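# Structure at a glance
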Amino acid sequence: MKNSLKSLLLATTAATVMTSTAAVAYEAGDILIKGGAANVAPNEDSSDVTPLAGAQGAKVDNNTQLGLTLTYMYTDKIGIELLAATPFEHTVTATGAVIGGADVADIKHLPPTLTLNYYFGDSNSKVQPYIGAGINYTIFFDESADSQFEAIAGNTDVDLDDSWGLAFHAGIDYKLNDKWSLNAGYWYLDIDTEATLKTANVGVQKVDVDIDPDVYMIGLSYKF
């Protein structure tokens, strides 16, 4: 379903780029507030978690939270959008021949993302697609080692560095009336962090983690 939504967003945007007219969907000064369910689906890659017990890497599970965006239309076609959300919560799981499947840590993060979006729409059309790009800053907090990992590595402190990265965005508004729209949005976020594991049995371990998630949101939009 996630791949289908991503394909629909990109295909609709591409088609509209080729057929859009000079008419405008929004006006300079409009403010758009969007809210809905936001799912973070990591495309993770990492270095070895620790040489202890054959661990080779880590994977990060998906999580869904309340997503919110605020857009200010700087011109009729260009909007400045800020993505926010309630904190996402993930479990980091080890991969490897010996302890593969053991939970390593539980983490929380907030990924505020600022993008500059271009709207293609014909004001007479109910479908209003847009694309954009910008920057993401991910804040990690409340990191804690899981009991499954500590049973092997001993008492462990976990710390993840905050991350700066690029962001790419695409979305579609489907107008219900002059104020309300249905919205579907997609972001690709470049999130690279270094995790520090201070373990009792093997000392300090540094793990490079590329999370690079796909983020999907479906909800409602209101125009002021």
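Quick summary incoming for the structure in this document. From a predicted model like this one, the values you see are computed outputs, not experimental measurements. (Residues numbered from 1 in each chain as written. Predicted model: local features only at pLDDT ≥ 70, side-chain atom pairs only at ≥ 80, totals over all residues. Heavy atoms only, no water.)

## Digging into the overall build of the protein chain
When its secondary structure is counted, the protein chain shows two helices and 15 strands. Across the 224 residues that make up the protein chain, the buried fraction comes to 46%. Restricting the contact set of the protein chain to residue pairs at least 6 apart, pairs at least 24 apart contribute 71%. Of the roughly 10,400 Å² that the protein chain leaves accessible, carbon and sulfur atoms contribute 58%. (Helix = DSSP H or I, 4+ residues; strand = E, 2+ residues; numbered from the N terminus. Buried < 20%, exposed > 50% of the residue type's maximum accessible area, 1.4 Å probe, protein only. Contact = heavy atoms within 4.5 Å. Areas by Shrake-Rupley, 256 points an atom, 1.4 Å probe, with all protein chains shown as cover.)

## Focus on the pattern of salt bridges
A side chain of one charge can pair with a side chain of the opposite charge if their charged atoms are brought near each other. Tallied over the entire structure, the rule returns two salt bridges. Between Lys34 and Asp173 there is a salt bridge; the shortest N-O distance is 3.3 Å. With Lys34 in strand β1 (residues 31-41) and Asp173 in strand β11 (residues 163-175), the pair connects residues that are 139 residues apart, well separated along the chain. A relative accessible area of 0% means that Asp173 is categorised as buried. Across the salt bridge formed by Asp142 and Lys108, the nearest N and O atoms sit 3.7 Å from each other. Pair noted here: Asp142 is in strand β9 (residues 127-145) and Lys108 is in strand β7 (residues 103-110), with a separation of 34 residues, a long-range link. Its relative accessible area of 27% is what places Lys108 among the partly exposed residues. (Salt bridge = Lys/Arg side-chain N within 4 Å of Asp/Glu carboxyl O.)

## What about the side chain of Thr199?
Tracing the sequence through the fold places Thr199 in strand β13 (residues 192-199). Taking relative accessible area as the criterion, Thr199 reaches 7% and is therefore assigned buried. A polar contact of 2.8 Å, which involves the side chain of Thr199, links it to the backbone oxygen of Gly203. Residues within four places of Thr199 in sequence aside, it is in contact with Phe149, Ala153, Asn155 and Thr156. (Polar contact = N/O pair within 3.5 Å; in protein donor to acceptor, adjacent residues only side chain to side chain.)

## What to know about the nonpolar core
Judged by nonpolar contacts, the single largest core of 28 residues is most densely connected at Val92, Val104, Phe140, Val158, Leu160, Trp187 and Leu189. Apart from the residues within four sequence positions on either side, Val92 is in contact with Ala58, Lys59, Val60, Ala102, Asp103, Val104, Ala105 and Ile107. If you look at the next biggest cluster of nonpolar residues, it comprises six residues, including Ala25, Tyr26, Leu32 and Met73. (Core = buried A, V, L, I, M, F, W, Y, C linked by side-chain atoms within 4.5 Å.)

So far we have only geometry, and geometry alone does not tell us how the molecule works.
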